[in-house]
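Residue strings, one per chain:
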Amino acid sequence: MNAGFQVWDWLIFAVYAIVVVGLGLWISRPKKGEEKDSQDYFLAGRTLPWWAIGASLIAANISAEQFIGMSGSGFRIGIGIAAYEWIAALTLIIVAKYLLPIMIDKKIYTMPQLLDERYNKGVSLAFSIFWLLIYLFVNLTSVAWLGALAMEQVLGIPVMWGVVGLFVFAGIYSIYGGLKSVAWTDVIQVVFLVCGGLITAYFAIKAADPNTMNVIDGSFVEGIKNVFNSVKSNGLVEPGQVDRHLNMVVPDNTIVTDAATGKSFNVFMDLPGLALIFGAIWITNLGYWGFNQYIIQKGLAAKNLHEAKKGLIFAGYLKLLIPVIVVIPGITAYVLFNNQDMLAAGLNGEITKADDAYPWLLSNFAPVGIKGVAFAALVAAIVSSLASMLNSTSTIFTMDIYKKYINIGASEKKLVNVGRITALIALAIALVAVKPLLGGLDQAFQYIQEYTGYIYPGVCVVFTMALIWKKATNKAALWTAIATIPVGVAFKFMFPDMGFLLRNGYVFIVLVLIAIIISELDKSHRVKDDSEIRLKDKGALKASYILGALTVICIVLGLIFSKPLKDYAFEAIFTMAAMLGFIAYILYTNTKSPMKDEKAYENSNDLFKFNGGLVLGALGIVVIMIVTYAIFW
């Protein structure tokens, strides 16, 4: 074991950095006699194949938020945190089948552009500002901060210098080359982050072999047995406590005590029981994967619709791997760090807060050479996400604010230059804000989920209506957008001891009611709907009846079991009822109502078709999910 980098580690990391930057700059070089236009810079010229889309989606998604933040949550609270990843795999199927096809058909650049076309500029501007604030003060800052913490523990680099280094690395090629640089370098990045992550997990588990307790002689099989047995035996928790590190569903009053600080907290606040199966976790995932600019932008850049669908299904399989790469190492660190014999060996560094877990593993249990690969994987995850966020920040500001409100007649060259300047300014703002926002957090992953969660209920309601509800009005969308954060904050103050996933579910229910009531009352922009799609679509009507019946069942079950199963947050089923009921109401009124909003989309059923290969791919994800939950329930 070596705490510091050796020559081979530095060489491997240097090769990785040169390949990524070199590829990013080379692939985005302008062809002779041609000038980069906005479609090329912001959407890679709409030329991405399925495998590049899937790889880029995961590279943009997997960052320090997962490697550091989710490993930290795995260390502190266990496998339950993996629900975000596994539910995301199912969410990608929904996005691939029902949401992305409409966006590609309408040739959307940005999410705010969609709102402008379907509603009006007021709704579009509101969400443009929402996203820019989230990218600047939550996403960019958290990813860079967590990555810099890892660099400090592994290499001894001061945190703020680490932040600067990561920003410069990501900015060199992404600001110059735009989405084409970001997407194609992500293919390299995802190879590093998956392979490096699996290698780190492998050596950490080998070190947990109780017979040898080192990475060279340890047995992977014996190590994983020890990790699972140590947690199951409850030997690592305080007397009277139950160790839930291997439970997907965590009941209330699951208390965890931090050995370093002596502080105790209730895991239920972060993982509120059944809310991670049929609660607001679906809203969080749909908002993130379906309507988040820096994620969905990769799908919008597909060469065609079929490639986009395949890319999202491919990304779903990659998502199933992520808990193996990040959560299992966090749980392994929990076992190793609580082993007195291991600590007596004089390891490098300490785990003073949960987010130290992954850097501690990397520093102590990655052999020479492997440490360089593993660290390259971590940096790849960070840099690819930062690059995607920068590109999307510049896309939204340039296309949805600058072009519409500041310089309507801007040339293509001007738009590209404004995009680059915007990305530079975003980096400067994030650099100033990073330490005040994240300096004292124990689990940054939870910070990210909670504060992005303030806008996702409103995002899901407004965008879902925009895409599929013909009666949705701009007035309903605007007031739903306006109400999103105040309603979320009000629930936070009224129910401070309620887990944020439960709160978000109730916020979603309130916003759905607001949107439906205002849309039904607002008849100012109604036109007659005599389209053949409405008159012949019997499938949508049948689906509305089925979803309506499921809604009633969920409500009845909630009324009967919410109180007896309160410790498992069975009340989250009301959120599921609201989601199913909302879609049922939309499908029913789309087929039965003779009127529609004047800007309503007409969506052909051909958009939503899956061929045999896509169906098999989706079924494979579902089967893996069922088996996984059966093992870790």
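Given the structure is predicted, the values throughout are model-derived calculations rather than measurements.

1. Topic: the overall build of the chain
For the chain, the helix and strand inventory stands at 26 helices and four strands. In the chain, the share of contacts with a sequence separation of at least 24, taken over all contacts with a separation of at least 6, comes to 83%. For the chain, the accessible surface area stands at approximately 23,300 Å², while carbon and sulfur atoms represent 67% of it.

2. Structural notes on the nonpolar core
Formed by 212 residues in total, the largest nonpolar core has its most connected members in Tyr-16 and Met-103. Among the elements that make up this core, the one with the highest residue count is helix 7 (residues 121-155) (19 residues). Non-local contacts of Met-103, meaning those with residues more than four positions away in its chain, are made with Ile-108, Met-111, Leu-114, Gly-290, Phe-291, Ile-296, Leu-300 and Leu-467.

3. Here's the deal with the packing of helix 9 (residues 179-207) against helix 16 (residues 357-365)
At a minimum axis separation of 10 Å, helix 9 and helix 16 run at an interaxial angle of 75 degrees. Judged on the interaxial angle alone, helix 16 and helix 9 are roughly perpendicular. Packed against helix 9, whose contacting residues are Gly-197, Thr-200, Phe-203, Ala-204 and Ala-207, the element helix 16 presents Tyr-358, Leu-361, Leu-362 and Phe-365 at the interface. Along the lines of polarity and charge, the residues of the contact of helix 9 with helix 16 split into seven nonpolar, two polar and no charged.

4. Notes on the packing of aromatic side chains
Per the counting criterion, the structure on display carries 24 aromatic pairs. Relative to Tyr-135, the ring of Trp-131 has its centre 6.0 Å away and its plane inclined at 20 degrees; by these criteria the two rings are stacked. Of this pair, Trp-131 and Tyr-135 both sit in helix 7, four residues apart, which is roughly one turn of that helix. With centroids separated by 5.1 Å and ring planes inclined at 75 degrees, the aromatic side chains of Tyr-288 and Trp-289 adopt a geometry described as edge-to-face. For the pair formed by Tyr-288 and Trp-289, the shared burial category is buried. The ring of Phe-610 is capped by Lys-97, whose NZ or CZ atom sits 5.0 Å from the centre of that ring. When the ring centre of Tyr-405 is taken as origin, the NZ or CZ atom of Lys-121, which lies over that ring, is 5.9 Å away.

5. Overview of the layout of surface pockets
Estimates place the volume of the largest pocket at around 1,500 Å³. Surrounding the largest pocket, 43 residues form its lining, Ile-94, Tyr-98, Ile-468, Leu-547 and Ile-583 being those nearest its centre. Here the lining of the largest pocket takes eight residues from helix 25 (residues 573-592), the largest share from any one element. Across the lining of the largest pocket, the residue classes tally to 32 nonpolar, six polar and five charged.

6. Comments concerning helix 8 (residues 159-177)
With 19 residues, helix 8 should cover 27 Å at 1.5 Å per step; its first-to-last C-alpha distance of 28 Å lies within 8% of that length. For helix 8, the principal kink sits at Gly-171 and spans about 40 degrees. Burial in helix 8 covers these residues: Val-159, Gly-162, Val-163, Leu-166, Phe-167, Phe-169, Ala-170, Gly-171, Tyr-173, Ser-174, Ile-175 and Gly-177. Positive backbone phi, approximately 75 degrees, marks Gly-178, located one or two places after helix 8.

7. Quick word on the environment of Met-498
Within the secondary structure, Met-498 sits in the loop between helix 21 (474-494) and helix 22 (500-521). Exposure remark for Met-498: the relative accessible area of 16% places this residue in the buried category. With residues near it in sequence (within four places) discarded, Met-498 still touches Met-269, Arg-503 and Tyr-506.

8. What to know about the side chain of Gln-293
Locating Gln-293 in the fold gives a position in helix 13 (residues 293-300). At 2.8 Å, the side chain of Gln-293 forms a polar contact with the backbone nitrogen of Met-111. Ignoring anything within four residues of it in the chain, the contact list for Gln-293 reads Tyr-109, Thr-110, Met-111, Pro-112, Tyr-135, Ser-392, Thr-395 and Ile-396.

9. Comments concerning the pattern of salt bridges
Taken as a whole, this structure holds 13 salt bridges when the rule is applied. The salt bridge partner of Asp-400 is Lys-404, with a shortest N-O separation of 3.5 Å. Separated by four residues within a single helix, Asp-400 and Lys-404 lie in helix 17 (residues 370-406), roughly one turn from each other. Here the two residues Asp-400 and Lys-404 agree in accessibility, since each one is buried. Across the salt bridge formed by Lys-566 and Glu-571, the nearest N and O atoms sit 4.0 Å from each other. The exposure class assigned to Lys-566 is exposed, which follows from its relative accessible area of 51%. With relative accessibility at 15%, the residue Glu-571 sits in the buried group. Overlapping salt bridges, with partners in common, bring together Lys-470, Asp-529, Lys-596 and Glu-602 in one network.

10. What about unusual backbone geometry?
Even without being glycine, Lys-107 reaches a positive phi, approximately 55 degrees. Inspection of the secondary structure puts Lys-107 in the loop between helix 5 (83-105) and helix 6 (111-118). Given the relative accessible area of 58%, Lys-107 is considered exposed. Of note in the backbone geometry, Ala-569 takes a positive phi value of approximately 55 degrees without being a glycine. Within the secondary structure layout, Ala-569 lies in the loop between helix 24 (538-561) and helix 25.

11. Some thoughts on helix 25
Between its first and last C-alpha atoms helix 25 spans 28 Å; for 20 residues at 1.5 Å apiece the expected length is 28 Å, and the two agree. Here helix 25 lies mainly inside the structure; 14 of its 20 residues are buried.

12. Structural notes on the environment of Val-418
Looking at the secondary structure, you find Val-418 in helix 18 (residues 412-438). A residue is classified by how much of its surface remains accessible, and Val-418, at 11% relative accessible area, is buried. For the pair formed by Val-418 and Tyr-402, sequence separation is 16 residues and the distance between their alpha carbons is 8.3 Å. For Val-418, the contacting residues outside a window of four places in its chain are Phe-397, Thr-398 and Tyr-402.

13. Considerations on the packing of helix 20 (residues 456-468) against helix 22
With their axes 8 Å apart at the nearest point, helix 20 and helix 22 run at an angle of 35 degrees to one another. As for the relative orientation of helix 20 and helix 22, their crossing is right-handed in sense. Of the residues in helix 22, those touching helix 20 at Pro-457, Gly-458, Cys-460, Val-461 and Met-465 are Asn-504, Val-507, Phe-508, Leu-511, Val-512, Ala-515 and Ser-519.

Calculation notes
- Residues numbered from 1 in each chain as written.
- Predicted model: local features only at pLDDT ≥ 70, side-chain atom pairs only at ≥ 80, totals over all residues.
- Heavy atoms only, no water.
- Helix = DSSP H or I, 4+ residues; strand = E, 2+ residues; numbered from the N terminus.
- Contact = heavy atoms within 4.5 Å.
- Areas by Shrake-Rupley, 256 points an atom, 1.4 Å probe, with all protein chains shown as cover.
- Core = buried A, V, L, I, M, F, W, Y, C linked by side-chain atoms within 4.5 Å.
- Buried < 20%, exposed > 50% of the residue type's maximum accessible area, 1.4 Å probe, protein only.
- Axes fitted to C-alpha atoms, helices over the stretch in contact; angles between N-to-C directions.
- Parallel < 35°, antiparallel > 145°, perpendicular 65-115°, else oblique.
- Nonpolar A, V, L, I, M, F, W, Y, C, P; charged D, E, K, R; others polar.
- Phe/Tyr/Trp six-rings, centres within 6.5 Å; stacked < 30°, edge-to-face > 60°.
- Lys NZ or Arg CZ within 6 Å of the ring centre and 35° of its normal.
- 1 Å grid on protein atoms, 1.4 Å probe; cavity = no way out; pocket = protein on both sides within 12 Å on 5 of 7 lines; lining within 4 Å.
- Points joined across faces, edges and corners; volume = space filled by probe spheres on them.
- Expected span 1.5 Å × (residues − 1).
- Bend = angle between axes of the 7 residues up to and from the residue.
- Polar contact = N/O pair within 3.5 Å; in protein donor to acceptor, adjacent residues only side chain to side chain.
- Salt bridge = Lys/Arg side-chain N within 4 Å of Asp/Glu carboxyl O.
- Left-handed = near helix turned anticlockwise from the far one by under 90°.

Such coordinate-based values are descriptive only and should not be taken to indicate function.
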